[in-house]
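Structural overview for review
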Amino acid sequence: MLPKPEFEKLIDKKAKWQVDQFLFGRENGERPTLQIKRFIEGIISADYHGRTLIELIQNAHDAHNSDAEDGRICVLLDETEGEHGTLYVANAGHPLTAGNFAAMVDVAVSDKPPSEGIGNKGVGFKSVLQFSDCPEVYSRSNDAATEFDGFTFRFGRPDDFLALASRWGQGDISLAYELERNVSTLTLTFPIESVPGRVLELGTRTSRDTGFCTVIRLPLKSKRALGDARNEMLAVADSVAPMHLFLDRIETVQLVTVEPDDEARGDSAEHDEHWFPAPLGPDQRRSLSLTRLDEEIDADRCVFRALLQDESEFIVARRRVPELKVQEAIASTRAAGAHLPGWDDWEGDAEVVLALSVGEPLAAPRLYNFLPMGDHVARPLPAYLQAPFFSSLDRRSLNEAYPINSLFLDEAAELAADLLLAATDGELDIPVGTLVDLGCWSEGHLPRLVAALEKRGRPLNQLAFLPSLAEPSSRVSVAEGSLWEAGGRQFSPENLLPEHRKDLIDPNLGHTRLARLAGLYQSLGHGASWRPTNDMLVAFAEDCAQHLHSDAATPEAWASFYDELGDSLPRNAPVAGALIVSGR
């Protein structure tokens, strides 16, 4: 027997308690175990479809100390083990405690308040039913243990009900049928007597590390479950919304697949070569490590640079939200009719975090509740925004009208305002494109940023955060800047006087950022000045003509200039009397 006696007793007790609950309910005309069964197998299973692996990674993250930075998680999909493959999720944090064990088995009774850790709803683990009919858990008894002698157990199977009825049902064998109909197998636990080889491999201590202290083993129940596991592995590996960006306790998430050889695998098991590199050995093992390296930029402002394994780079900034503010927002949210189980226990400050791309603009900005939320949730700005939002059960959506969520969005605007001011005042070095992203809030959320800046006496439309063509480091405001995308060689920004170039936005920002800027101009009431006015274009034409004259341009150059004017100037441009004629 693997678990120590004290752990074995608790594991057995949990199964007996479910039988007792059913018998008590039957005697009193109640059906509490059936309600839980339907909740697990209906609501949870449906709501968490496609997010099971993310939930398991979340639990693995929370197993590490809150101040840890070197945590390790391994996700291994072994397609050669069992009829349909086996999925493993292992972590190197702390072994399961009695509270952790109870939270895994009970429903909506998490041992983690919203202010501590990610998983605080007490339901995410139950989503494993999508993958496996009989999940297994292997955990050490303590940090120093070398064996899985702690909470090492499996969940129930249909054939367990007969044994339960025989053991605790006063010999009433017919009770087995009633238990099967009224009790969820995910509320029944049984000690495990031996450890599979792959679990031993994951738990082995070496000279380099201490092995993994807890391993979740999911024998996959069908071909469909195997396909879902593959898809979720690829989704975690995808960098569109980096899964590990805000998992501060984790240094590495290793993703491993072990595949049958090509002949055994067949056409139905094709894999995305981009995310999982070529096999590492004869067992067709593929591996990808998700990593994040942090470099401090400004300690006082809690700003640092994060580099991910795919070389994507982010400016990451944090802002504390005082405990009292959070507690008041929680009370207001409850008064608005929301049910917030566990939130009344909030302790300590909250934190909002912005991660802004240093290179190309984000194709799919996302809100995070520690892990990425659904892509349909409205994003305030082209960045990744992390906060402990009060979200739906599966963290795919949220109600922005709830005061607690509105508070975190307002605090994100306060953070953005501080960063904009620090950058424009020369106190913080933020790349040009990143700075534009910071100011381009969506129309629905823009009032939050506008209000935050007005509190500081610095209106957004007058803030010089847009790159200007005057000099490499010069900037211009929305109130003064315009975008002129001239396609000619003679009638072009390069030939303008400095006083005109300084008010032109650098078009090298790229299409995506320029499109977002155009929307910002409209939202701020500056849509008419997004492009140069006719008067400005005529002034530009005079500058270019003067440049040609000063350079003693050839007749061919003047001819090209006039052709470009004809293509660029509107018919109603006030060119009468303009100094654009050769020789004047």
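For the structure, see preceding data.
Before going into details, it helps to say that this report is about the structure given with it. Quantities reported herein were computed from a predicted structural model and do not represent experimental measurements. (Residues numbered from 1 in each chain as written. Predicted model: local features only at pLDDT ≥ 70, side-chain atom pairs only at ≥ 80, totals over all residues. Heavy atoms only, no water.)

**A few points about the overall build of the protein**
Counted only if it meets this: The numbering of helices and of strands both runs from the N terminus, where a helix is a DSSP run of H or I of at least 4 residues and a strand a run of E of at least 2. Between buried and exposed lies partly exposed: a residue is buried under 20% and exposed over 50% of the maximum accessible area for its type, with that area taken using a 1.4 Å probe on protein chains only. Residues count as neighbours in contact if any of their non-hydrogen atoms are within 4.5 Å of one another. The protein chains shown are the only cover counted for residues, whose accessible areas, like all others here, come from Shrake-Rupley with a 1.4 Å probe.
Across its full length, the protein carries 17 helices and 16 strands. Along the three orthogonal principal directions, the C-alpha set of the protein runs to about 110 × 60 × 45 Å. Within the protein, the proportion of its 584 residues that are buried is 53%. Counting contacts in the protein only where the partners sit at least 6 residues apart, residues at least 24 apart contribute 69% of the total. Summing over all exposed atoms, the protein offers an accessible surface of approximately 26100 Å²; the carbon and sulfur share of this is 49%.

**Re the packing of aromatic side chains**
In plain terms, the rule: Put simply, two rings from Phe, Tyr or Trp (the six-membered ring, in Trp's case) pair if the centres are within 6.5 Å, and we call them stacked under 30 degrees between planes, edge-to-face over 60, tilted for the rest. Charges are assigned to positions over rings by a cutoff of 6 Å between ring centre and Lys NZ or Arg CZ, combined with an angular limit of 35 degrees from the ring normal.
One pass over the structure, following the stated rule, counts 19 aromatic pairs. Seen from their ring centres, Tyr368 and Tyr384 are 5.5 Å apart, and the 70° between their planes marks the pair as edge-to-face. Here the residue Tyr368 occupies a position in strand β12 (residues 366–369), and Tyr384 occupies one in strand β14 (residues 384–386), the gap between them amounting to 16 residues. Here Tyr368 falls in the buried class, since its relative accessible area comes to 0%. Looking at Tyr384, the relative accessible area reads 2%, which means it is buried. Members of the aromatic cluster, joined through ring pairs, are Trp484, Phe491, Phe540, Trp558, Phe561 and Tyr562. A cation over an aromatic ring shows up here: Arg72 above the ring of Phe212, its NZ or CZ 4.7 Å from the ring centre.

**What to know about the pattern of salt bridges**
Rules: The salt bridge definition used is simple: a Lys or Arg side-chain nitrogen within 4 Å of an Asp or Glu carboxyl oxygen.
Applying the stated rule across the entire model yields 32 salt bridges. For Lys14, the salt bridge is made with Asp106, and the minimal N-O distance between the two is 3.4 Å. Of the two residues, Lys14 sits in helix α1 (residues 5–27) while Asp106 sits in the loop between α4 (98–105) and β3 (136–139), which places them 92 residues apart along the sequence. With respect to burial, Lys14 and Asp106 carry one shared label: buried. Residue Glu414 is joined to Lys455 by a salt bridge in which the shortest nitrogen-to-oxygen separation is 2.7 Å. Remark: Lys455 occurs in helix α13 (residues 446–455) and Glu414 occurs in helix α11 (residues 403–424); sequence separation between them is 41 residues. Bridged by salt links that share partners, the residues Arg319, Lys325, Glu411, Glu414, Asp418, Lys455 and Arg456 form one connected network.

**What to know about the side chain of His61**
Rules: Think of a polar contact as two N or O atoms within 3.5 Å of one another; within protein, one of them needs to be a possible hydrogen donor and the other a possible acceptor, and neighboring residues in sequence only count if both atoms come from side chains.
Here His61 is to be found in helix α3 (residues 52–62). One polar contact links His61 to Asp62, side chain to side chain, over a distance of 2.9 Å.

**Examining helix α6 (residues 175–182)**
The cut-off we apply is this: As used here, the arc belongs to the directions running from the helix axis to the C-beta atoms.
Restricting attention to buried positions, one finds in α6 the residues Leu175, Ala176, Leu179 and Asn182. Down the axis of α6, the buried set is contained in an arc of 140°. They therefore lie on one face. Structural note: α6 exposes Tyr177 and Arg181 on the side pointing more than 90 degrees away from its buried face.

**What to know about the packing of α11 against helix α12 (residues 432–439)**
Threshold: All axes are obtained by fitting lines to C-alpha atoms, using only the stretch in contact for helices, and the reported angles, taken between N-to-C directions, cover 0 to 180 degrees. Angles are sorted into four bins: roughly parallel if under 35 degrees, roughly antiparallel if over 145, roughly perpendicular if 65 to 115, and oblique for all others. What makes a crossing left-handed is the near helix being turned counterclockwise from the far one by less than a right angle; a clockwise turn instead makes it right-handed. Polar here means any residue outside two lists: the nonpolar Ala, Val, Leu, Ile, Met, Phe, Trp, Tyr, Cys and Pro, and the charged Asp, Glu, Lys and Arg; Gly therefore counts as polar.
Viewed as axis vectors pointing N to C, α11 and α12 meet at an angle of 140°, and their least axial separation amounts to 10 Å. In terms of orientation, α11 lies oblique with respect to α12. Like other packed secondary-structure pairs, α11 and α12 cross with a definite hand, here left-handed. Where α11 abuts α12, its residues Ala416, Leu419, Leu420 and Ala423 lie against Leu435, Leu438 and Gly439. Here the residues of the contact of α11 with α12 are counted per class, giving 6 nonpolar, 1 polar and no charged.

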